[in-house]
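# Descriptive structure summary
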Amino acid sequence: MEKIQAEVDRHGAFVSDLLEEVGKSVVGQRYMMEGLLIGVLADGHVLLEGVPGLAKTTAIRALAEAVKVSFKRIQFSPDLLPSDVVGTMIWNQAAGAFETRQGPIFAHLVLADEVNRAPPKVQAALLEAMQERQVTLGGETFSLPTPFLVLATQNPLEQEGTYPLPEAQTDRFLLKLRVGYPNRSEEAEIVERALDPKPAEIRPVVGPEDVVAARQVVRSIYMDEGIKAYILDLVHATRDPRAAGIPELEPLISCGASPRASIALFQAARAHAFLRRRGYVSPEDVKAVAPDVLRHRVILSYEAEAEGKTVEEIVRVILEHVHVP
């Protein structure tokens with residue numbers, strides 16, 4: 001434990017500097033920034049949902065500059081083609097042969113802006129990159145850079161011209177973050193910064209190699225057998241709430257969380273402990289990340305929707321009833 005704690009202290013020293021540097025462009029939104037960092041440290045993609053103007057794109061761009069990685073933004077739209085994302089084969093007349101032209105997916109950090117506006121074919125192309133960390137072009141497979149993360153945004157208000165993400169794709173996101181409005185004092189500072197003609201300059205704090213090293217430390221963070229059992233109990237409670245002693249939830253859940261939810265809880269809880277500079281996982285780490293891990297994996301029934309229930313309410317009830325070690 002002492003050795004693990006020493007590694008966490010050594011490799012986690014950049015976290016506060018990174019948050020401070022990103023704070024030059026983003027006011028407040030601590031929850032969102034910690035969620036993005038958990039995605040980076042746990043090697044998992046993150047889906048951000050919120051109304052326009054909440055600094056989702058600004059935060060992701062600032063994070064890429066502070067981590068000093070390659071960054072690409074893809075503005076998703078209904079007329080987008082798979083080749084616009086992953087690339088294509090083009091004919092080189094001078095060489096008399098086809099050559100590969102890689103798309104914007106070949107970057108460390110990819111911002112999929114308004115991802116739910118892309119048609120199903122584009123979603124399918126993005127799915128291979130997210131799951132396999134590779135792209136197939138013209139029968140040849142190309143590995144994506146390390147680290148590789150898709151940070152996607154979607155607007156919950158607009159429904160026209162959108163293609164709701166299939167469950168198979170949302171399940172690939174480690175976390176789904178609900179981004180809220182800033183408070184009054186934060187918004188006053190946002191306005192002041194917007195009126196300042198000099199844009200904020202963000203300096204690199206860490207590099208890709210530091211992220212890879214930190215991920216190794218995150219994987220080594222100690223997790224007690226009781227915590228592991230607690231995570232499994234939480235996930236199984238979404239599938240069989242009656243067996244978990246919460247029979248009132250049974251008619252409200254159409255489909256429980258998949259095994260990816262268990263894996264995601266393990267990874268995200270360790271990353272959360274790393275952010276708190278601890279070499280071990282506590283139940284509070286699991287509780288902190290559980291809503292973001294389960295939010296997009298628990299499917300509500302028609303009865304729950306008719307009663308106006310939300311996934312957050314269901315998860316909160318499960319966290320209140322499942323025994324904490």
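Everything in this summary refers to the structure shown in the same document. (Residues numbered from 1 in each chain as written. Predicted model: local features only at pLDDT ≥ 70, side-chain atom pairs only at ≥ 80, totals over all residues. Heavy atoms only, no water.)

### Thoughts on the packing of aromatic side chains
- Under the defined criterion, the tally for this structure stands at 1 aromatic pair.
- Here the aromatic rings of Phe 106 and Phe 142 are separated by 6.4 Å at their centres, their planes lie at 85 degrees, and the arrangement is edge-to-face. Pair noted here: Phe 106 is in the loop between strand S4 (97-102) and strand S5 (109-113) and Phe 142 is in strand S7 (residues 140-143), with a separation of 36 residues, a long-range link. Of the two residues examined, Phe 106 and Phe 142, each falls in the buried class.
- For Arg 278, the ring lying beneath its charged end belongs to Tyr 280, and the centroid distance is 5.3 Å. (Phe/Tyr/Trp six-rings, centres within 6.5 Å; stacked < 30°, edge-to-face > 60°. Helix = DSSP H or I, 4+ residues; strand = E, 2+ residues; numbered from the N terminus. Buried < 20%, exposed > 50% of the residue type's maximum accessible area, 1.4 Å probe, protein only. Lys NZ or Arg CZ within 6 Å of the ring centre and 35° of its normal.)

### A look at unusual backbone geometry
- A cis amide bond, omega 0 degrees, links Thr 146 with the succeeding residue Pro 147.
- You can see Pro 147 is positioned in the loop between S7 and strand S8 (149-154).
- In this structure, Ala 55 is a non-glycine residue whose phi angle is positive, near 70 degrees.
- Given a relative accessible area of 26%, Ala 55 falls into the partly exposed group.

### Side note on the sheet that holds strand S9 (residues 173-178)
- Judged by pairing direction, the sheet is parallel, and its 5 strands sit side by side in the order S2-S5-S8-S1-S9 without closing on themselves. Only two strands of the sheet have a single partner each, and these edge strands are strand S2 (71-75) and S9. Sheet twist, expressed as the mean angle between neighbouring strand axes with direction ignored, is 15 degrees.
- Strand direction decides the pairing type here: strand S1 (residues 45-49) and S8, joined by 4 bridges, are parallel. Residue Leu 48 lies in a different strand from S8, and its bridge partner there is Thr 153. (Pairing = 2+ DSSP bridges. Axes fitted to C-alpha atoms, helices over the stretch in contact; angles between N-to-C directions.)

### Side note on the environment of Ser 220
- Turning to its location among the elements, Ser 220 is positioned in helix H9 (residues 208-220).
- Through-space distance from the C-alpha of Ser 220 to that of Tyr 280 is 9.1 Å; in sequence the pair is 60 residues apart.
- From its side chain, Ser 220 meets the backbone oxygen of Val 217 in a polar contact 2.7 Å long. (Polar contact = N/O pair within 3.5 Å; in protein donor to acceptor, adjacent residues only side chain to side chain.)

### Notes on the environment of Arg 101
- For Arg 101, the position within the fold is in strand S4.
- In this structure Arg 101 comes out as exposed when scored by relative accessible area, which is 51%.
- Considering only alpha carbons, one finds Arg 101 and Ile 90, 11 residues apart in sequence, at a separation of 6.9 Å.
- Look past the residues within four positions of Arg 101 in its chain and what remains in contact with it is Gly 87, Thr 88 and Ile 90. (Contact = heavy atoms within 4.5 Å.)

### Digging into the side chain of Glu 49
- Secondary-structure assignment places Glu 49 in strand S1.
- On the basis of relative accessibility, which here comes to 11%, the residue Glu 49 falls in the buried class.
- Every residue in contact with Glu 49, bar those within four places of it in the chain, is listed here: Gln 154, Pro 156, Lys 176, Leu 177, Arg 178 and Val 179.

### Quick word on the pattern of salt bridges
- For the structure shown, the criterion picks out 20 salt bridges.
- Its salt-bridge partner being Arg 10, residue Glu 7 comes within 3.4 Å of it at the nearest N-O pair. Of this pair, Glu 7 and Arg 10 both sit in helix H1 (residues 2-11), separated by 3 residues, roughly a single helical turn.
- Glu 7 gets classed as partly exposed once you look at its relative accessible area, which sits at 27%.
- Assessed through its relative accessible area of 56%, Arg 10 is described here as exposed.
- Of the charged contacts in the structure, one is a salt bridge between Arg 242 and Glu 250, with a shortest N-O distance of 2.8 Å.
- Residue Glu 250 is classed as partly exposed on the basis of its relative accessible area, which comes to 35%.
- Through salt bridges with shared partners, a single network forms among Glu 49, Lys 176, Arg 178, Asp 292, Arg 295 and Glu 312. (Salt bridge = Lys/Arg side-chain N within 4 Å of Asp/Glu carboxyl O.)

### Focus on the pairing of S8
- Counting buried positions along S8 yields 6 of 6 residues, so the element is predominantly enclosed.
- Across the two faces of S8 the burial is the same, with Leu 149, Leu 151 and Thr 153 and Val 150, Ala 152 and Gln 154 all buried.
- Pairing of S5 with S8 involves 4 bridges; the strand directions are parallel. Paired with Leu 109 across the strands is Leu 149, a residue of S8.

### Things to note about the packing of helix H11 (residues 259-275) against helix H12 (residues 283-294)
- Where H11 contacts H12, the axes come no closer than 9 Å and their chain directions differ by 135 degrees. Relative to H12, the element H11 is oriented oblique. Between H11 and H12 the crossing geometry is right-handed. In this structure, H11 uses Ala 261, Ala 264, Leu 265, Ala 268, Ala 269, His 272 and Ala 273 to contact H12, whose residues at the interface are Asp 285, Val 286, Ala 288, Val 289, Ala 290, Val 293 and Leu 294.
- Grouping the constituent residues of the contact of H11 with H12 by class yields 12 nonpolar, 1 polar and 1 charged. (Parallel < 35°, antiparallel > 145°, perpendicular 65-115°, else oblique. Left-handed = near helix turned anticlockwise from the far one by under 90°. Nonpolar A, V, L, I, M, F, W, Y, C, P; charged D, E, K, R; others polar.)

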